[in-house]
Amino acid sequence: MDYETLLNLQGYLKFFLILIVFIIFYSYAFSIYKREKKGEKNFEKYSNLVHDDSIKSDPLEQREKEKEINEKESIK
């Protein structure tokens, strides 16, 4: 391969890589938006962790005790 062909190939590869990253990012952002609109998760709570990260603050989600016990038993 000559130098010009390698440069063209490199340009096409960069373009498609950027396109793939763009598609993945916007699909992730859209999925977050869709889950928040449906009410499955409130991502605003998680963004508030930046401002309130003390050890005394309340947990964001309550754990299920039975699930936690079953996971500990399955590890043994």
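Criteria and thresholds
Residues numbered from 1 in each chain as written. Predicted model: local features only at pLDDT ≥ 70, side-chain atom pairs only at ≥ 80, totals over all residues. Heavy atoms only, no water. Helix = DSSP H or I, 4+ residues; strand = E, 2+ residues; numbered from the N terminus. Areas by Shrake-Rupley, 256 points an atom, 1.4 Å probe, with all protein chains shown as cover. Patch = residues over 30% accessible without salt bridge, like charges linked within 9 Å, V, L, I, M, F, W, Y side chains within 5 Å. Salt bridge = Lys/Arg side-chain N within 4 Å of Asp/Glu carboxyl O. Buried < 20%, exposed > 50% of the residue type's maximum accessible area, 1.4 Å probe, protein only. Contact = heavy atoms within 4.5 Å. pLDDT = per-residue confidence, 0-100.

### Some details on the overall build of the chain
Thinking step 1. What the chain contains, in helices and strands, is three helices and zero strands.
Thinking step 2. Secondary structure elements in the chain, listed N-terminal to C-terminal, are α-α-α.
Thinking step 3. By element, 60% of the accessible surface of the chain is carried by carbon and sulfur atoms, the whole surface being about 7,800 Å².

### Concerning a nonpolar patch on the surface
Thinking step 1. Nonpolar side chains collect at one region of the surface, where Tyr12, Phe15, Phe16, Leu19, Phe22, Ile23, Phe25 and Tyr26 lie side by side and expose about 890 Å² of accessible area between them.
Thinking step 2. If you trace the backbone, phenylalanine 15 turns up in helix H1 (residues 3–38).

### What to know about the environment of phenylalanine 43
Thinking step 1. Structurally, phenylalanine 43 is set in helix H2 (residues 43–47).
Thinking step 2. When its relative accessible area of 22% is taken as the criterion, phenylalanine 43 is described as partly exposed.
Thinking step 3. A C-alpha to C-alpha distance of 9.2 Å links phenylalanine 43 and tyrosine 33, two positions ten residues apart in sequence.
Thinking step 4. Contacts of phenylalanine 43, omitting those with residues within four sequence positions, involve Ile32, Arg35 and Glu36.

### Looking at the confidence of the model for the chain
Thinking step 1. For the chain, the average pLDDT comes to 82, and 84% of its residues sit at 70 or higher.
Thinking step 2. Per-element averaging of pLDDT across the chain places helix H3 (residues 65–75) at the bottom with 64 and H1 at the top with 94.

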